[in-house]
Amino acid sequence: MKDFKYLAAFSIPLMAFLGVYFKGIFTYLVPVYAFIFLPILEMSFPIDASNLDAEAVASKLKNNIFDWLLYLNLPIVFTLVFISLNTVASQKLETYEFIGILVSLGIVLAINGINVAHELGHRQTTNERFLGKALLLPSLYMHFYIEHNFGHHLHVATPEDPATARYNQTIYSFWFTSTIRQYFKSWKIQKKLLKNNNKSFFSIKNDMFWYTIFQISYLVLVYLFFSNTGLIFAIAAATVSFIMLETVNYIEHYGLLRLKTKSGRYERLQKIHSWNSNHIIGRIVLYELTRHSDHHYKTTKKYQILDCHKESPQMPYGYPTSMLISLFPPLWFKIMNKRIPKEMLTTL
């Protein structure tokens, strides 16, 4: 039954469905649940730094339930998108209700959309990668697949990586620098990939063209079926979702930098170059994303078998709490700066 603990990840879209159905103050169920109830719950549970033994790892890799728990997010996310759009476009809502549904959908698109897309994007099968890209569509962040897999994992913990927050960089500055740099870097990476395969920039194999077409088509369909209200809602919800993603990026790599060797190249990526969190609630709801150090160390490992490494820098709080703290830069710096290894600060 422990294998079904990740069903808890569906509690967030469940809250969103309840909010759309009951409306009123219930439209704020998701933000209250995600950023008040879960942090309280997370701090009530003991930290679990244990790892699986070889037998347990083999068993979990054979169990397809872990994959299906990811796949189920696709119909759930797109159903919620449709219901939310239909509600805001066809019913007379108060402004606060519109905003509540918008924020709630944005959070779901981040957690059950982008986060799951991130896991599937690292899979080896084409079908799983397709599902991952589809989950990025309503967030208007399909370029994330290219930049994350071919850019972030190569340059993480260096100034060349847009998704690595600098020491003393505020979250508000990071939202702009990371979002803008990642988009343009995606085009640069795509161009390089095409060149390596002897393909023209205007080739049909240019995925960035397809992502642009799919996202514009999505917005056109939203406009045709749900008018201006639906279009504004869809763009705003997408914005909330990728701001959530960038907030997660911020706390995952804040201030951690790889040192340069005598040759001028960056040292090999190690377990110390990503923040790790063993807070059990965040681990479950986010499909073990919080064990981020091991994910970067061994990119192909599936979420259910990720390990905790003693040498990895540890976050004092789980992801939901840390995301809230990051919104208050002086407090964030006070808590996190002293945890950054001193040798990394010498590179600044």
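In this text the structure is predicted, and so the values were computed from the model without any measurement.

Quick notes on the rules
- Residues numbered from 1 in each chain as written.
- Predicted model: local features only at pLDDT ≥ 70, side-chain atom pairs only at ≥ 80, totals over all residues.
- Heavy atoms only, no water.
- Phe/Tyr/Trp six-rings, centres within 6.5 Å; stacked < 30°, edge-to-face > 60°.
- Helix = DSSP H or I, 4+ residues; strand = E, 2+ residues; numbered from the N terminus.
- Buried < 20%, exposed > 50% of the residue type's maximum accessible area, 1.4 Å probe, protein only.
- Lys NZ or Arg CZ within 6 Å of the ring centre and 35° of its normal.
- Core = buried A, V, L, I, M, F, W, Y, C linked by side-chain atoms within 4.5 Å.
- Contact = heavy atoms within 4.5 Å.
- UniProt positions renumbered as here; feature names shortened; annotations may be inferred.

Draft legend 1. A look at the packing of aromatic side chains. According to the stated counting rule, one finds 28 aromatic pairs in the structure shown. Between Tyr287 and Tyr303, the ring centres sit 5.4 Å apart and the planes meet at 85°, which makes this aromatic pair edge-to-face. Placement of the pair is Tyr287 in the loop between α11 (280-285) and α12 (292-297) and Tyr303 in the loop between α12 and α13 (319-326), with a sequence separation of 16 residues. Residue classification places Tyr287 among the buried positions, given a relative accessible area of 4%. In this structure an aromatic cluster arises from ring pairing among Tyr183, Phe184, Trp187, Phe201, Phe202 and Phe209. Seen from the ring of Tyr145, Lys133 lies directly overhead, with NZ or CZ sitting 4.4 Å from the centre.

Draft legend 2. Local environment of the nonpolar core. Ile12, Tyr218, Phe233, Tyr250, Tyr254, Tyr287 and Trp332 are the most contacted members of the largest nonpolar core, which has 87 residues in total. For this core, the leading source of residues is helix α10 (residues 207-253), giving 16 residues. Residues contacting Tyr218, with those up to four places away along its chain left out, are Val81, Leu137, Pro138, Leu140 and Ala234.

Draft legend 3. Representation of the UniProt feature "transmembrane region" (unreviewed entry) in the protein within the structure. UniProt tags residues 68-86 and 98-118 as "transmembrane region" (unreviewed entry). For residues 68-86, the end-to-end C-alpha separation is 28 Å, with 95% helix and 0% strand making up the annotated structure. In the segment residues 98-118, helix accounts for 100% and strand for 0%; the C-alpha atoms at its two ends are 28 Å apart.

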